[in-house]
Amino acid sequence: MLALGSHMSTSGGGPPRALERAAELGLESCQLFTKSERQWAAKPLTDEQITAFHRGLTADTRLNRRVVAHDSYLINMASPDDDLRAKSQAALLVELQRCDTLEIPYLVSHPGAHVGSGPEAGIARIIESVNQVLAARPDGTTMLLLETTAGQGTTLGKTFEEIAEMIDGIEDKARVGVCFDTCHTFVAGYDIRTPETYAETMRQFDEIVGLDQIRVFHLNDAKFGLGSNKDRHEHIGEGEIGLEGFRNLMTDPRMTGRMGVLETEKDTTGDLDRKNLATLRSLSA
Ligand SMILES: [Zn+2]
Ligand SMILES: [Zn+2]
């Protein structure tokens, strides 16, 4: 059984608000943005926010420090545009600094898009960028998690080979891991809908990347089909992956204790999250 949670909003007070909302829902894990995901600029964290966040991490809740941050969607470490890549590196550095300050153990990052310059050149730039950013923070403790992607457009990380190639080039391997998104890998062409296809997909991942590298799962069903490369999330069991696919993951004893966070559509009451989490729990029984 995964430690189940969801991506929580920080609105109305910043990062500590996400932990409060997670506690209200009784979550066992939580993802958040430490800054606006659609802007380059980051408002500095206040001392009050930092203190409140640390209190939230150690409070008597089911969360137990299982928190992960997601970086800005603007960051593209694979960009052939030197200015954009420099901006992306600077932004990633700030994201990691904020995570370190807040004592968040993991930062999920979309590896990037090569924008027509080709996968090899794009992956080389990702490796160079990550190495530079990690070297700029030799004492950093937050681990960077490269997310498996849907393969929309020229995005990299859609095959297990691409993820493995990135990790292979990163010098400080203790500070890098993987976030496995169920929707993305499925629309990228990896089936998990039957026990047999699930076993084969995980066998491939283990052989090419290593199951130990997975620190976080993004639990999303897929609006579009296997191999469609279309990144649209659907509620658990209501998409193309379906209940049996998630049952295969939820009953895999190798994944026990790892974080699994929803990135499905939400409402203000939390009811949609409650429903998706209840569905996932019912599958693991
Ligand atoms: Zn995701
Ligand atoms: Zn997605």
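Reference entry: report on the structure contained in this document. Fair warning: this is a prediction, and the values are worked out from it, not measured in the lab.

A word on the nonpolar core
By size, the foremost hydrophobic cluster in this structure holds 70 residues, and its most contacted members are F217 and L219. By residue number, the principal contributor to this core is helix α4 (residues 119-135), which donates 6 residues. Filtering out sequence-adjacent residues up to four positions away, F217 remains in contact with L2, F180, M202, L249, M255, R258, M259, G260 and V261. Counting 9 residues, the second-largest nonpolar core is a separate cluster that includes Y106, V108, V216 and M259.

Some thoughts on the coordination of the zinc ion (ligand 2)
For the zinc ion (ligand 2), every protein donor is listed as H184 (NE2), D231 (OD), D231 (OD) and H233 (NE2), and the spread of their distances is 2.0 to 2.6 Å. One can describe the site at the zinc ion (ligand 2) as irregular: its 4 donor atoms subtend angles covering 53 to 137° at the metal. The sequence pattern describing where the donors of the zinc ion (ligand 2) fall on their chain is H-x46-D-x1-H. The distance between the zinc ion (ligand 2) and the zinc ion (ligand 1) comes to 4.5 Å. A residue pair is termed long-range when its members are at least 10 positions apart, and H184 in helix α6 (residues 182-187) and D231 in the loop between β8 (221-222) and β9 (233-234) qualify at 47 residues. H184 gets classed as buried once you look at its relative accessible area, which sits at 3%.

Topic: the sheet that holds strand β2 (residues 29-32)
Pairing is parallel around the closed barrel formed by 8 strands, whose spatial order is β1-β2-β3-β4-β5-β6-β7-β10. Pairwise comparison of adjacent strand axes, ignoring direction, gives a mean angle of 30° for this sheet. Where strand β6 (residues 176-181) lies against strand β7 (residues 214-219), 4 bridges are found, and the strand directions are parallel. Across the sheet, the residue bridging to V178 is I214, located in β7.

Brief notes about the coordination of the zinc ion (ligand 1)
For the zinc ion (ligand 1), the protein coordination sphere consists of E147 (OE), D181 (OD), H218 (ND1) and E263 (OE), at 2.0 to 2.2 Å. Viewed at the metal, the 4 donor atoms of the zinc ion (ligand 1) are separated by angles of 87 to 174°, and the geometry they form is irregular. Binding-site remark: the zinc ion (ligand 1) is held by donors from one chain whose sequence spacing is E-x33-D-x36-H-x44-E.

A short note on helix α2 (residues 47-58)
Taking 1.5 Å per residue as the helical rise, α2 with its 12 residues ought to reach 16 Å, and the 17 Å between its terminal C-alpha atoms agrees with that figure. Every buried residue belonging to α2 is among Q49, I50, F53, G56 and L57, and all of these are buried. Buried positions in α2, seen along its axis, are confined to an arc of 125° and lie on one side of it. Summarising the geometry of α2, the exposed residues directed more than 90 degrees from the buried face are D47, E48, R55 and T58. Where α2 is buried, its residues touch α1 (15-24), β2, β3 (67-70) and α3 (82-102).

Describing the packing of helix α5 (residues 160-169) against helix α7 (residues 195-208)
Following both chains from N to C, one finds α5 and α7 inclined at 25°, their axes separated by 9 Å at the closest point. Judged on the interaxial angle alone, α7 and α5 are roughly parallel. Remark: the crossing between α5 and α7 carries right-handed chirality. Contacts from F160, E161 and A164 in α5 reach T201, Q204, F205 and I208 in α7. Taken together, the residues that form the contact of α5 with α7 break down as 4 nonpolar, 2 polar and 1 charged.

Conventions we followed
Residues numbered from 1 in each chain as written. Chains lettered and ligands numbered in written order. Predicted model: local features only at pLDDT ≥ 70, side-chain atom pairs only at ≥ 80, totals over all residues. Heavy atoms only, no water. Core = buried A, V, L, I, M, F, W, Y, C linked by side-chain atoms within 4.5 Å. Buried < 20%, exposed > 50% of the residue type's maximum accessible area, 1.4 Å probe, protein only. Helix = DSSP H or I, 4+ residues; strand = E, 2+ residues; numbered from the N terminus. Contact = heavy atoms within 4.5 Å. Donors = N, O, S within 2.8 Å, 3.2 Å for Na, K, Ca; no water. Tetrahedral: all angles 85-135°; square planar, octahedral: opposite > 155°, others 65-115°. Pairing = 2+ DSSP bridges. Axes fitted to C-alpha atoms, helices over the stretch in contact; angles between N-to-C directions. Expected span 1.5 Å × (residues − 1). Arc of directions from axis to C-beta. Parallel < 35°, antiparallel > 145°, perpendicular 65-115°, else oblique. Left-handed = near helix turned anticlockwise from the far one by under 90°. Nonpolar A, V, L, I, M, F, W, Y, C, P; charged D, E, K, R; others polar.

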